[in-house]
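Observations on the three-dimensional arrangement
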Amino acid sequence: MTSTAMSRLEDANLVTGKGSFLDDLDPIPGTLVAAIVRSPNAHAKITSVDLQRARNHPGVAAVIGPEEVLAALKPFPLSLRAPMDYYPTGTDKVRYVGEPVAVVVATDRYTAEDAGDLVDISYELEPVVVDAMKAITPNSPLLHERSKTNVASDRTFNFGEVDEAFADAAHVVEGEYYFPRYSSTPMECYNVVANWVDGPQRPEVTVWSNFHGPFSMVPVLCGAMGLTTSQLRLHVPADNGGSFGIKAGIYPYIALMALASRHAGRPVRWSEDRSEHLLASSAGSDRHMKVRTAIDAAGIIQAIDIDFVENVGAYLRPPEPATLYRCFGNMTGAYGIEHVRLRSRAVVTNKCPTGLNRGFGGQQLYFALERIMDKAAKAVGLDRLEFRKRNLIGAESFPYATPTGGIYDSGNYQKVVEHLEDNSDYQALLARQAEARARGELVGTGVALIVEPSGTNIGYVGLATPAENRPPGRGKSGSTEHVHLSVDPQGNVGITLGTVPQGQGHATVARQVVARELGLPEEQVVPTVVMDTATTAWTITSGSYSSRFSPLLTSALVDGAREIGERIKRAAALMLDTTADLLELHQGTVRVKGDPEKSVSFKHAAGLIHWDPGRLPGGEEATLEVNVAFTPPQAQAPSRTDQVNSSLCYGFVADLVSVRIDPETLEITIDDVVSVHDAGTILNEQLFTGQVHGAMVQALGGAMYEEMSYSDSGQPVSTFMDYLVPTSAESMFPFRMDHIETPSPLTRLGAKGAGEGASMSFPVALANAVEDAISEHGVEINSLPVHPSVLHDLLYPND
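What you see is a predicted model; the values in this text were computed from it and never measured. (Residues numbered from 1 in each chain as written. Predicted model: local features only at pLDDT ≥ 70, side-chain atom pairs only at ≥ 80, totals over all residues. Heavy atoms only, no water.)

Quick look at the pairing of strand β18 (residues 442-456) now. With 15 of its 15 residues buried, β18 lies for the most part within the structure. Two strands pair when backbone bridges link them, and β18 and strand β27 (residues 647-661) are joined in this way by 14 bridges, in the antiparallel orientation. From the neighbouring strand, Pro453 faces β27, where its bridge partner is Tyr650. (Buried < 20%, exposed > 50% of the residue type's maximum accessible area, 1.4 Å probe, protein only. Helix = DSSP H or I, 4+ residues; strand = E, 2+ residues; numbered from the N terminus. Pairing = 2+ DSSP bridges.)

Let us look at the packing of aromatic side chains. Under the counting rule described, the total for this entry stands at 20 aromatic pairs. Judged by centre distance (5.4 Å) and plane angle (45 degrees), the ring pair of Phe215 and Trp538 falls under tilted. Note that Phe215 is positioned in the loop between β10 (203-209) and α7 (217-225) and Trp538 in the loop between β22 (531-532) and α16 (549-576), a separation of 323 residues in sequence. According to the relative accessible area criterion, Phe215 is buried, its value standing at 0%. Given the relative accessible area of 23%, Trp538 is considered partly exposed. Between Phe720 and Tyr723 the ring centres are 5.9 Å apart and the planes differ by 80 degrees, which places this aromatic pair in the edge-to-face class. Judged by relative accessible area, Phe720 falls into the partly exposed class, the value being 38%. Over the face of the ring belonging to Phe308 we find Arg287, whose NZ or CZ atom lies 4.4 Å from the ring centre. The ring of Phe360 carries Arg326 above its face, with NZ or CZ at 4.6 Å from the centroid. (Phe/Tyr/Trp six-rings, centres within 6.5 Å; stacked < 30°, edge-to-face > 60°. Lys NZ or Arg CZ within 6 Å of the ring centre and 35° of its normal.)

In space, the eight strands of this open sheet follow the order β3-β5-β1-β12-β9-β10-β11-β22, with mixed pairing throughout. The sheet terminates laterally at β3 (60-64) and β22, the two strands that pair on one side only. Across the sheet, helix α4 (residues 109-116) is in contact with β1 (32-38), β3, β5 (100-106) and β12 (268-271); its angle to β1 comes to roughly 30 degrees. (Contact = heavy atoms within 4.5 Å. Axes fitted to C-alpha atoms, helices over the stretch in contact; angles between N-to-C directions.)

The next subject is the state of the cysteines. Scanning the entire structure with this criterion turns up zero disulfides. You can see Cys189 has no disulfide; the closest cysteine sulfur is in Cys352, sitting 13 Å from it. Its relative accessible area of 9% is what places Cys189 among the buried residues. Among the cysteines around Cys327, which has no disulfide bond, Cys649 carries the closest sulfur, lying 14 Å off. (Disulfide = S-S within 2.5 Å.)

What follows is about the sheet that holds strand β2 (residues 44-50). With antiparallel pairing, three strands are arranged side by side in an open sheet as β4-β2-β6. Either end of the sheet is taken by a strand with one partner, and the two such strands are β4 (93-94) and β6 (120-125). Of the pairings in the sheet, the one linking β2 to β4 comprises two bridges and is antiparallel in character. When the bridges of β4 are listed, Ala44 appears paired with Val94.

Attention now moves to the environment of Val129. For Val129, the position within the fold is in the loop between β6 and α5 (132-135). Between the C-alpha atom of Val129 and that of Phe549, which follows or precedes it by 420 residues, the distance is 39 Å. When sequence neighbours within four positions are dropped, the list of residues in contact with Val129 reads Lys134, Ala135, Ser140, Pro141, Leu143, Asn150, Thr349 and Asn350.

Let us now look at the pattern of salt bridges. Summed over all chains, the structure comprises 49 salt bridges. Close ionic contact of Glu584 with Arg591 constitutes a salt bridge, the shortest N to O distance being 2.7 Å. Residue Glu584 is classed as partly exposed on the basis of its relative accessible area, which comes to 26%. (Salt bridge = Lys/Arg side-chain N within 4 Å of Asp/Glu carboxyl O.)

Because an α-helix packs 3.6 residues into every turn, residues spaced three or four apart end up facing the same way. For helix α15 (residues 506-518), spanning 13 residues, the distance from its first C-alpha to its last is 18 Å, which sits close to the expected 18 Å at 1.5 Å a residue. Across the 13 residues of α15, eleven count as buried, placing the element largely inside the fold. Of the residues making up α15, those classed as buried are His506, Ala507, Thr508, Val509, Ala510, Arg511, Gln512, Val513, Val514, Ala515 and Leu518. Once α15 finishes, Gly519 follows within two positions and takes phi at roughly 60 degrees, a positive value. (Expected span 1.5 Å × (residues − 1).)

The next point concerns the packing of helix α11 (residues 362-380) against helix α12 (residues 384-391). In the contact formed by α11 and α12, the axes pass within 9 Å of each other and the chain directions differ by 105 degrees. Regarding the angle of α11 to α12, the classification is roughly perpendicular. For the pair α11 and α12, the contacting residues are Glu370, Met373, Asp374, Ala376, Ala377 and Val380 in the first and Arg384, Phe387 and Arg388 in the second. For the contact of α11 with α12, the residue count by class is five nonpolar, no polar and four charged. (Parallel < 35°, antiparallel > 145°, perpendicular 65-115°, else oblique. Nonpolar A, V, L, I, M, F, W, Y, C, P; charged D, E, K, R; others polar.)

Okay, helix α20 (residues 757-773) next. The end-to-end C-alpha separation of α20 is 25 Å, in line with the 24 Å expected for 17 residues at 1.5 Å each. Of all the 17 residues making up α20, 17 are buried; the element is thus mostly covered by neighbouring parts of the structure.

This part takes up the nonpolar core. In terms of nonpolar packing, the biggest core is built from 181 residues, with Met257 and Phe652 touching the most fellow members. Within the second largest apolar cluster, 51 residues are counted, among which are Val483, Leu520, Ala571 and Leu585. (Core = buried A, V, L, I, M, F, W, Y, C linked by side-chain atoms within 4.5 Å.)

Relative to each other, α7 and helix α8 (residues 251-264) sit at 35 degrees, their axes nearing to 10 Å. With respect to the hand of their crossing, α7 and α8 are arranged in right-handed fashion. Contact residues: Met217, Val220, Leu221 and Met225 in α7; Tyr251, Ile254, Ala255 and Ala258 in α8. Of the residues assigned to the contact of α7 with α8, the class counts are eight nonpolar, no polar and no charged. (Left-handed = near helix turned anticlockwise from the far one by under 90°.)

Let's shift gears to unusual backbone geometry. Trans peptide bonds make up most of the peptide bonds, and negative phi angles are found at most residues other than glycine. Residue Pro214 is bonded to the preceding Gly213 through a cis peptide linkage, with omega at 10 degrees. Structurally, the position occupied by Pro214 is in the loop between β10 and α7. Backbone torsion omega between Pro318 and Pro319 reads 10 degrees, so that peptide bond is classified as cis. By the element assignment, Pro319 lies in the loop between β14 (301-313) and α10 (322-325).

Mapped onto the elements, Val628 comes out in strand β26 (residues 625-630). Exposure remark for Val628: the relative accessible area of 8% places this residue in the buried category. In the structure, Val628 is positioned 144 residues away from His484 in sequence and 6.4 Å away in space, judged by C-alpha atoms. Apart from residues lying up to four places away in sequence, Val628 is in contact with Glu481, His482, Val483, Ala556, Asp559, Gly560 and Glu563.

Interpretation note: all reported values are geometric properties and have no functional meaning in isolation.
Structure representation (structure tokens):
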């Protein structure tokens, strides 16, 4: 499929203020407003809760607290069996600052906030632990006493002969690394409108929310509320002001607002403010990592031994520990490493619970993997890029099976690296920097090569449970996406998508794909992206996460469009007195191959099916409507040997970052960024470029500016006074982008995902560049973010 740039369908409404965001809508009449009372303590027993003064406040319709939550809700089902109860509020105690304790429902937000100040909660403070490495020590404070440990999940995996490889190694290189937690900070915060109605036979709950999926969270939500999925109707509006993964974490608030509505007897709206969002919504997990590599005399990595300790915050909130396992199949990155050992631990601490954040799992993995590659290159005496090239998987090796179970579908990593070298003029760049260093300048270059997974197989989460504890016949797997297509009597094609996008341009690409398949003008295809679980077909895996749209949903669109096209051709064959196999769709017509003058319009062929179905031969359906699910067979549950193909497709990204550091202020300036991608077939050049640049800028925040810091007492010390999200000024660094295309054989158009790779590659490429710039000082960049104060502490530890 030839890539193209085209205007986005979505932009006109967005730039003229006509977007349909939930705060712009009043979907249920008579809605009241909620405010949440949150814990000021990181760890404390709740000794008493008095709601009476708040209930007596004028304008208040209902106030609920732990007692009401325990009476009506069950703990959320977890992704694995662990003895820790997770409710939408603290019940026995609070475990992080900002944890909800009570909800006040009133006529307006001001009244609700004022009444919230009247909620009287008494606490008994308990010891706090915020560092995962301290939380795993024997005498650490326990967050969940029934667990008797803060380690919620601990698994070790062995693939190959790891110990033997280390025993025979010419070089053993090891390092310890830390990747911080940072938020997604979308422009629109959480928003929920919930209406609980106790009907004559059973309760019915209707919710409007800017939830972005995955829809595997819907059964989790219903499990807590004691409802079947048919009793919960979830609407997602057409517009969602960004998510980057974080809005999957809204579901506890959906349950909480539904319960508040039940007590108020009216629909309830809650709009999260910016302070609440940074304090208590969700964030990517912070991870401590130890990595050892065994390298032979030729500079080839034979084995890798990895130890991950993941800080998931106060609760193992589903879908966690997803971040630990999302990249399981691509754990060895772009390198042909035969022997792998991995220990993965998910640890609870007195921080806000974690969840999905753009590139989740990939930033953490590649920060360790690509930092150790630089260190190993020095140990064996090779240029960092040459060392990587020696270890790359060869183009002739695809499809390539990784030791951990991934099946890399296609690629030519060597060609991508060649583009990187040519576009950056790599050798000349190194020579110029050597001259600058001789003049005393602090300049450096870093590279990172990463495999970008897309089309996630949700089966990877099963790895958190040992194989012997996974019940036979009850496995979880899949990368299914579903679409609905229909053609009206005038030949207009309607599409309903289940991916609930947040600005990626799904409607634009969907229209493009279907129009091409059916040979129609693009304006004749009308996509709809709103989600209503009562009417929109969806699957457990549906949603906008893990770069699913390009490989999965477009494949479903192609299958659906082709089915529609075959029906249209059969109808046209009756009109043209021929057979369908001799017809083709072209520019709004159905014509005879080789005889284009013999044709009918697409509209008239559709009209025959709608207006004259009696003319159709027996067995032919008188409908132009299809529901199509694309379910790739390569997405299987984990094997009994703990291998899993954790994604359907695997792209490739090569980044080069050059930096300059001011010797006086230690300010870091990005001089150049060169990024080369292989995302299979590019469906839309404009959107592809925007996604890559957006992911890179978001990664810039975590690499240089953003960090959700906590004091030892568990108090967040980051506010928007000092939580520095990059603005357009910081984002305008020199940036050159290129790509090749090695189409995936597993998707209908050969497309792979491309919206997360730069968020995985850029942070470590920048860290490598900064270390290169200060290499003469003999210090290492082993954690992020890196900024002047960090450099000062590294370079002048005694100041």
